[in-house]
Amino acid sequence: MNVAIMKTKAEQALSEAFASRAGELPGGEAAAKVRLEALGHFGALGLPHRRVEEWKYTDLRNAMKEALPPASGKASLPSNAEVISVLGPLATFAAHRVVFVDGKFAPDLSDLVADGAVTVSSLATVLASDGDAELLAAAGSESNAVVALNSAYATDGAVIDIAAEVTLDRPVLVVHLRADGNAVTTTVRNIVRIGEASEATVVEAFVKLPGAATDYRCNTLTKVAVGKGAKLSHVKATLEAGAGIHLANWLVDLDAKANYRAFHLTAGTGLARNELVITFAGEESEIDLSGIFIARHGEHVDTTLVVDHAVPRCISRELFKGVLDDHARGVFQGKVIVRQDAQKTDGKQMAQVLMLSPDCEFDSKPELEIYADDVVCGHGSTSADLDEDLVFYCRSRGIPLAQARALLIESFVGEAIEKVEREDVRDALADIAREWLHRAAAEKVAA
Amino acid sequence: MKSIPSCWQPMQSLAFPCSEQEVLAGVQGAKVAVDAVFDSVSVVTTFKEELAKAGVIFCSISEAVREHPELVQKYLGSVVPQADNFYAALNSAVFTDGSFVYVPEGVRCPMELSTYFRINEKQTGQFERTLIIADKGAYVSYLEGCTAPMRDEHQLHAAVVELIALDDAEIKYSTVQNWYPGDKQGKGGIYNFVTKRGDCRGRNSKISWTQVETGSAITWKYPSCILRGDNSCGEFYSIAVSNGWQQVDSGTKMIHLGKNTTSRIISKGIAAGFSQNTYRGLVSAHRKATGARNFTNCDSLLIGDRCGAHTVPYIEAKNSTAHFEHEATTSKISDDTLFYCRQRGLSEEEAVALVVNGFVRDVLQKLPMEFMAETQKLIGISLEGSVG
């Protein structure tokens with residue numbers, strides 16, 4: 001049966017805007033070709049909706065009723081002090097800082113040290129100079145409309161190259177700052193490449209200036225390549241307080257004996273979807289993915305993982321914790337694939353959620369797809385409200401209700417934060433989470 | 001109508017608990033009433049008079065349509081509507097027979113009820129319909145056994161089973177499915193696309209599904225519970241064994257609608273040969289289903305490196321008082337365990353059978369006594385040739 005597929009207003013606008021914007025997008029002919037091809041994929045796919053299995057619980061077509069124009073880039077640049085102020089605890093540790101304002105590189109606010117060990121450049125510059133169009137290509141662009149849109153419209157982003165056999169003392173902090181007072185769309189593409197036997201930490205922070213609009217669209221994609229024997233800690237803090245839509249994809253390829261640790265902190269975003277696709281390309285690699293999400297009011301936070309054990313002898317660990325309040329909705333989808341020859345795979349996954357209000361919702365789909373036999377794989381998923389006995393115990397010890405609740409929730413999410421190895425980064429993340437939770441708990445008790 | 005002895009013969013040849021044949025025939029104290037359905041036609045129903053004394057109606061559905069139209073009209077299609085899915089629609093359109101059970105208010109059914117399904121004819125499908133109603137405070141335990149002879153072509157089995165439990169009623173539904181799974185090359189075998197659903201309509205009602213899946217080339221089967229009544233309870237215990245080129249995609253749906261409803265899912269999947277074994281299930285709590293509880297445990301065992309075991313659970317909690325726990329593991333039989341058994345003088349095949357029987361023990365214990373011993377043997381037979 002052939003049914004004419006109706007395009008929504010947003011889908012039409014997203015497809016049609018390309019013709020007028022193509023000239024502004026960085027890159028030469030090769031890049032334009034990649035963009036056009038990706039746009040074609042988007043045109044065929046449309047925005048994902050409930051009937052697309054991977055988007056069963058996050059109906060983007062329904063949520064994104066209209067497309068917003070791209071950022072004008074005319075918002076006045078904040079001062080260094082303002083950046084530090086919005087970063088809050090994330091500014092407390094020493095870092096190589098690179099700042100993007102509304103998806104555009106801001107060299108004056110960045111603090112880069114070019115010492116040969118690490119090179120950080122802006123994607124727009126890289127595309128303009130040598131035109132390496134491969135940076136714009138992304139696996140999954142033909143099946144994931146959000147990835148396709150990112151390839152088509154990416155304006156800028158950080159290209160981080162870490163040489164072989166170096167250990168970075170300071171993390172690289174990539175700040176994506178929202179400044180535009182109008183509701184706009186930003187599309188960024190980051191590239192992280194870490195050479196053989198090196199060690200580094202990369203932190204991506206998504207924050208907003210006080211004057212930025214409440215509504216926004218952000219589409220970010222980070223391509224990560226971890227070299228042989230290298231170790232990368234990759235942290236993302238999504239704190240774009242507002243009612244917008246934040247869509248993030250991390251595509252990670254691991255060489256042999258690599259170690260990759262990722263942590264996601266998501267709080268205060270209207271609709272956020274963090275999708276991680278990890279592919280083991282070399283044997284004896286290890287990953288540890290963890291994260292916390294805190295959602296209140298009508299917020300919607302979706303964490304989707306695909307861990308592809310394509311080769312033998314790899315280890316994967318996932319631990320995600322969520323706290324949902326009011327009408328918030330949390331989604332966790334974790335798919336672990338063990339291919340036929342990926343023997344000796346060891347995979348463990350856990351998703352736990354605290355539901356603080358009778359009206360919140362948690363949907364979980366932890367999946368195992370196993371084609372090899374010599375494996376040890378398991379997953380777990382739990383959801384429940386706060387244990388009233390524990391609250392009572394705290395109160396019987398003289399702790400006020402709001403504090404008792406915040407304390408219990410803090411210890412619940414603390415287990416995931418503990419997974420971050422660097423102490424300074426871990427403390428900063430714990431501070432952010434604590435601040436959020438105490439404020440939420442106080443507001444709840446006051447209400 | 002065929003005579004009773006002739007209809008026992010196929011049961012002897014396959015997995016139906018033939019060692020309890022005498023019991024089935026009513027020789028010993030414990031009794032099981034049997035409705036035998038061959039190629040969608042009910043050929044014999046035993047113990048009808050004795051059941052009638054207790055007020056229990058156990059007959060073929062064609063007879064129920066004639067004798068008890070008020071019950072059939074009231075309940076048929078009330079759990080699985082005609083348009084529920086493609087195969088349910090097909091069944092609703094063409095079903096000719098099946099079993100009907102009505103246990104009146106306050107009656108505890110005096111014996112196990114059982115239906116034996118068999119596909120005998122070539123180039124046919126089987127489309128039977130089962131309707132079981134347990135009125136207020138009633139209890140019934142129902143067993144279902146299925147077999148089919150070896151044929152080169154695929155045959156379709158598209159049944160619909162509807163269970164209705166009213167206030168304080170309990171239905172225990174056990175299945176041992178041993179359709180023909182196809183030969184070693186994956187040729188032939190039954191396509192088993194069945195819709196099974198129970199409705200815990202009354203307060204404090206309980207529906208318990210226990211299934212042992214060994215046959216059929218492709219199985220799509222998700223016996224479900226709609227927990228509508230307050231304090232109602234749903235259970236699902238499953239053993240799914242796949243070997244050769246079989247594909248098993250089975251699981252359950254626990255839909256919590258009433259208050260303080262509980263459900264429990266224990267699923268054990270064993271994949272061998274080139275088979276694919278999937279657990280696919282849904283646990284959901286409605287916004288008003290306060291106090292819902294679920295515990296799910298899905299374990300998979302892999303025998304051989306060319307088979308697959310997959311777990312696809314959907315867990316949807318729409319209110320904070322729902323406590324849902326889900327855990328799943330996948331592994332193979334450890335070499336140490338096998339070595340230990342071999343060292344004690346067991347052959348490799350016996351050792352695997354022993355470990356597998358230990359693995360599925362939790363579920364085996366939920367089967368009625370009549371089925372337990374036979375099921376153990378059946379699992380052993382199904383896994384024949386999977387090692388060594």
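Fair warning: this is a prediction, and the values are worked out from it, not measured in the lab.

Draft legend 1. Expanded view of the pattern of salt bridges. Inspection of the entire model under this criterion finds 44 salt bridges over all chains. Lysine 365 of chain A is paired through a salt bridge with glutamate 367 of chain A; the nearest N and O atoms lie 3.3 Å apart. On the accessibility criterion, glutamate 367 of chain A (12% relative accessible area) is buried. Linking arginine 197 of chain B and aspartate 84 of chain B is a salt bridge whose minimum nitrogen-to-oxygen distance equals 2.8 Å.

Draft legend 2. Seen up close, unusual backbone geometry. Phi is positive for arginine 313 of chain A, close to 60 degrees, though the residue is something other than glycine. Within the fold, arginine 313 of chain A resides in the loop between strand E14 (300-309) and strand E15 (315-324). A positive phi angle, close to 55 degrees, is found at asparagine 204 of chain B, a residue other than glycine. Along the chain, asparagine 204 of chain B falls in the loop between strand E11 (189-200) and strand E12 (206-213). With a relative accessible area of 35%, asparagine 204 of chain B lands in the partly exposed category.

Draft legend 3. Here's a closer look at helix H8 (residues 401-417) of chain A. Residue and element names in this part refer to chain A. In this model, H8 (17 residues) spans 24 Å end to end at C-alpha, consistent with the 24 Å of a helix rising 1.5 Å per residue. Every buried residue belonging to H8 is among Ala402, Ala404, Arg405, Ala406, Leu408, Ile409, Phe412, Val413, Gly414, Ala416 and Ile417, and all of these are buried. Those residues of H8 hidden inside the fold are in contact with strand E11 (259-267), strand E13 (286-295), E15, strand E17 (346-355), helix H7 (388-396) and helix H9 (423-446).

Draft legend 4. View of the interface of chain A and chain B. Taken residue by residue, the interface counts 36 residues in chain A and 32 residues in chain B. Regarding the contact of chain A and chain B, the summed buried area is about 2700 Å², with carbon and sulfur atoms giving 44% of it. On inspection of chain A and its partner chain B, the count reaches 3 salt bridges. A salt bridge links arginine 306 of chain B to aspartate 341 of chain A, with the nearest nitrogen and oxygen atoms 3.3 Å apart. Joining chain A to chain B, the criterion identifies 19 residue pairs in polar contact (both at pLDDT 80 or more).

Draft legend 5. Representation of the domain arrangement of chain B within the structure. Residues and elements named next belong to chain B. Partitioning chain B into structural domains gives domain 1 (4-336) and domain 2 (337-380). Of note, the centres of domain 1 and domain 2, computed from C-alpha atoms alone, are 23 Å apart. Both sides of the domain 1 and domain 2 interface together cover about 2400 Å² of buried area, and 77% of this is carbon and sulfur. Three residues stand out in domain 1 for area buried against domain 2, namely Ile239, Lys268 and Ile333, and they jointly supply 20% of the buried area on that side.

Draft legend 6. Geometry of the side chain of histidine 326 of chain B. Mapped onto the secondary structure, histidine 326 of chain B falls in strand E22 (residues 323-332). A polar contact is formed between the side chain of histidine 326 of chain B and the side chain of histidine 379 of chain A, at a distance of 2.9 Å. In this view, histidine 326 of chain B contacts Pro366, His379, Gly380 and Ser381 of chain A together with Thr296, Cys298, Pro313 and Ile315 of chain B; residues no more than four positions away in its chain are not counted.

Draft legend 7. Representation of the side chain of glutamate 275 of chain A. Residue and element names in this part refer to chain A. Of note, glutamate 275 is situated in strand E12 (residues 269-280). Judged by its relative accessible area of 10%, glutamate 275 falls in the buried class. At 2.9 Å, the side chain of glutamate 275 and the side chain of arginine 273 are in polar contact.

What counts, and where the lines are drawn
Residues numbered from 1 in each chain as written. Chains lettered and ligands numbered in written order. Predicted model: local features only at pLDDT ≥ 70, side-chain atom pairs only at ≥ 80, totals over all residues. Heavy atoms only, no water. Salt bridge = Lys/Arg side-chain N within 4 Å of Asp/Glu carboxyl O. Buried < 20%, exposed > 50% of the residue type's maximum accessible area, 1.4 Å probe, protein only. Helix = DSSP H or I, 4+ residues; strand = E, 2+ residues; numbered from the N terminus. Expected span 1.5 Å × (residues − 1). Contact = heavy atoms within 4.5 Å. Buried area = accessible area lost by both parts, 1.4 Å probe. Polar contact = N/O pair within 3.5 Å; in protein donor to acceptor, adjacent residues only side chain to side chain. Domains from an automatic or database assignment.

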